[in-house]
Amino acid sequence: MSTAPPVPAPPDGRPAPAEQPAPRRSAWASLRPLVLRLHFYAGVLIAPFLLVAAVTGLLYAASYTAERIVYADELRVPVGDRELPVERQVAAAREAHPRGKVTAVRPSPEDGATTRVLLSGVPGVAEDRTLAVFVNPYTGEVRGAEEQYGSSGALPLRTWISGLHKDLHLGETGRLYSELAASWLWVIAGGGLVLWFGRRRARRRVRGTAGRRRLLSLHGTVGAWAAAGLFFLSATGLTWSAYAGESISDLRQALGQTTPTVSTSGAGTGAGEHAGHGGGSAGAGTAGGADGAGGVAGTGGGGGAAGAGDVGLDAALKAARAEGLSDPVEIVPPADPAAPSSAYVVKQIQRSWPEKQDSAAVDARTGQVVDVLRFDDYPVLAKLTRWGIDAHAGTLFGLANQIALAVLALALVLLVVWGYRMWWLRGRTGAFGRPLPRGAWQHVPAYVLVPLMAAVAVLGYFVPLLGIPLAAFLAVDVVLGEIAHRRGRRGYPPLPGR
């Protein structure tokens, strides 16, 4: 065993200085190789999913404007002098489309906008969609009919793009792609942000650099600027995912933070207004459609026209207006108008800021308001979920929101492309560069590694499409490392990446 040479004594005869111990590495110096390796591997393997999510998300951000152009004839009409009663508009829609059941009516929300009469059970229309019949509120003319999906009122073009972004039109299996992308986006963005801040400021310059170093500077700078938005997209995307979304819903349920629903239980009993609110679903919603504002207790869909002892749509709307429910609103007829406890539910459906999400239940026999639910009374997590979903879907701040989403999507596309390009430039003779060395975790201090592993285990449990792939990465890495080690001992050349 070799030993270090002794330190020579000074020429003046003084005793030789004691040997100084090697300086201790800082926690960050030990952790950086691990973060770099995780960022590299996650970027290489998850980036294709992120690229698909970014491109389809960019299309969805543009779909609102495209929808207004493609369906302009159905959505807009010349402004008239006076609007017809809602029931006459519904009658016109039923005359043109007599099949199916009226499940909701969305009166014209502004001058020049059509009224939507929503029909379910129409032959040829999917069960999770309704047929929206567009009626001129001034003349009763039916302008057309299109399939509608979700509480955001998505028409076929936006519905198709929404499905592409959500599950690539592959059903529940396809949803795994978007959840995988959302589960890892914040990890990749966070790792890149940590690495960017860990570099010396002098190395962040873009001017005067070229090749891979310039790409590295661009990649890091754009990633740092986009990090907050990417964190937001990841978090809000997980709220409506299949597995992590269920965990979030369970957590909200346990904390009593589910989205409440207006109660119709007071109808027909003389209970009067504000009879109490029911518990609704967690309101996680669906990707793209931004649904899940909360159900309506005890409602379904009636025939639309007022029957014997039924005050009708116009009276129900008038009663809700008296409670301050301004446009845009949706009127849901009672499931069974003949039932003693039947009630109309009028709810605001504005998803732009400021949000209008108040709702009221109106007794179908007396026209009295039996319950009112204000958005101000929602639990904190229910409000945050609603705002997060609407911002993710591009409705919270209107066109500005959609432009911001488009910019984030473009930034993510560039980050992925630049990342692969840097990997290519790391190689030689036109080949991708070798992976970073293994074993980085062995140099991380225990007081950092142990809490980090515990946090990852907890996150992996609640976000399984983060935990399972991460465990698979580690297992494969360990196996490859062991194979490379044994080959090295037998005289074989090491595997790539050693």
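Presented here is an overview of the structure given in this document. (Residues numbered from 1 in each chain as written. Predicted model: local features only at pLDDT ≥ 70, side-chain atom pairs only at ≥ 80, totals over all residues. Heavy atoms only, no water.)

Describing the overall build of the protein chain
So, step 1. Scanning the protein chain for helices and strands turns up 12 helices and 10 strands.
So, step 2. Counting over 498 residues, the protein chain shows a buried share of 46%.
So, step 3. Working note: accessible area of the protein chain is about 25400 Å², and carbon and sulfur atoms make up 62% of it. (Helix = DSSP H or I, 4+ residues; strand = E, 2+ residues; numbered from the N terminus. Buried < 20%, exposed > 50% of the residue type's maximum accessible area, 1.4 Å probe, protein only. Areas by Shrake-Rupley, 256 points an atom, 1.4 Å probe, with all protein chains shown as cover.)

A word on the packing of aromatic side chains
So, step 1. Per the stated rule, a full pass over the model turns up 11 aromatic pairs.
So, step 2. When the centroid spacing of 5.9 Å and the interplanar angle of 85° are considered together, the rings of phenylalanine 40 and tryptophan 423 count as edge-to-face. Taken together, the residues phenylalanine 40 in helix α1 (residues 27-70) and tryptophan 423 in helix α10 (residues 398-426) connect sequence positions 383 residues apart. The same class applies to phenylalanine 40 as to tryptophan 423, namely buried.
So, step 3. Residues tryptophan 196 and phenylalanine 197 carry aromatic rings whose centres are separated by 4.9 Å and whose planes lie at 80° to one another, so their mutual orientation is edge-to-face.
So, step 4. For tryptophan 196, a relative accessible area of 16% corresponds to the buried category. (Phe/Tyr/Trp six-rings, centres within 6.5 Å; stacked < 30°, edge-to-face > 60°.)

Details of the packing of helix α6 (residues 211-239) against α10
So, step 1. The geometry of α6 relative to α10 is characterised by a closest axis approach of 9 Å and an angle of 145° between their N-to-C directions. The two elements α6 and α10 meet at a crossing, and its hand is left-handed. The segment α6 lies against α10, with Gly211, Arg212, Leu215, Leu216, Leu218, His219, Val222, Gly223, Ala226, Gly229, Leu230 and Leu233 engaging Leu405, Leu408, Ala411, Leu412, Leu415, Trp418, Gly419, Arg421, Met422, Leu425 and Arg426.
So, step 2. Across the contact of α6 with α10, the residue classes break down as 15 nonpolar, 5 polar and 3 charged. (Axes fitted to C-alpha atoms, helices over the stretch in contact; angles between N-to-C directions. Left-handed = near helix turned anticlockwise from the far one by under 90°. Contact = heavy atoms within 4.5 Å. Nonpolar A, V, L, I, M, F, W, Y, C, P; charged D, E, K, R; others polar.)

Quick notes on unusual backbone geometry
So, step 1. Between aspartate 327 and the following residue, proline 328, the backbone shows a cis peptide bond with an omega angle of -5°.
So, step 2. Note that proline 328 resides in the loop between α8 (313-322) and β7 (329-332).
So, step 3. Here the residue pair tryptophan 353 and proline 354 is connected by a cis peptide bond, since its omega of -5° sits within 30 degrees of zero.
So, step 4. On the secondary structure map, proline 354 appears in the loop between β8 (343-348) and β9 (359-363).

A look at empty space enclosed by the protein
So, step 1. This structure, assessed with the given rule, holds 3 cavities of 30 Å³ or more.
So, step 2. Considered as a void within the structure, the largest cavity measures approximately 450 Å³ in volume.
So, step 3. Contributing to the lining of the largest cavity are 28 residues, with Ala53, Gly57, His165, Leu233 and His392 lying nearest its centre.
So, step 4. Listing elements by their share of the lining of the largest cavity, those giving two or more residues are α1, α4 (156-167), α5 (175-198), α6, α9 (380-393) and α10.
So, step 5. Residues that form the lining of the largest cavity fall into these classes: 17 nonpolar, 8 polar and 3 charged. (1 Å grid on protein atoms, 1.4 Å probe; cavity = no way out; pocket = protein on both sides within 12 Å on 5 of 7 lines; lining within 4 Å. Points joined across faces, edges and corners; volume = space filled by probe spheres on them.)

Quick word on the side chain of histidine 392
So, step 1. Mapping histidine 392 onto the fold places it in helix α9.
So, step 2. In terms of polar contacts, histidine 392 uses its side chain to reach the side chain of threonine 236, at 2.6 Å.
So, step 3. Not counting the four nearest positions on each side in its chain, histidine 392 is found in contact with His165, Phe232, Leu233, Thr236, Gly237, Trp240 and Leu405. (Polar contact = N/O pair within 3.5 Å; in protein donor to acceptor, adjacent residues only side chain to side chain.)

Things to note about helix α7 (residues 244-255)
So, step 1. Taking 1.5 Å of rise per residue, the 12 residues of α7 would be expected to cover 16 Å, and the 17 Å separating its terminal C-alpha atoms lies within 8% of that figure.
So, step 2. Within the sequence span of α7, burial applies to Ala244, Gly245 and Arg252. Looking straight down α7, one finds that the buried residues subtend no more than 100° of arc, so they occupy a single side. Counted as exposed and oriented over 90 degrees from the buried face of α7: Gln253 and Ala254.
So, step 3. With its phi angle positive at about 70°, glycine 256 sits one or two positions after the end of α7. (Expected span 1.5 Å × (residues − 1). Arc of directions from axis to C-beta.)

Focus: α6
So, step 1. For α6, built from 29 residues, the straight-helix expectation of 42 Å at 1.5 Å per residue is met to within 8% by its first-to-last C-alpha distance of 40 Å.
So, step 2. Along α6, the sharpest change in direction is near 55° and occurs at alanine 227. (Bend = angle between axes of the 7 residues up to and from the residue.)

Brief notes about the pattern of salt bridges
So, step 1. Per the stated rule, a full pass over the model turns up 13 salt bridges.
So, step 2. One salt bridge connects arginine 129 with aspartate 128, and the closest N-O pair in it is separated by 3.9 Å.
So, step 3. Arginine 143 is the salt-bridge partner of glutamate 141, the closest N and O atoms lying 3.7 Å from each other.
So, step 4. When its relative accessible area of 40% is taken as the criterion, glutamate 141 is described as partly exposed.
So, step 5. One salt-bridge network, held together by shared partners, links Arg106, Glu330 and Lys347. (Salt bridge = Lys/Arg side-chain N within 4 Å of Asp/Glu carboxyl O.)

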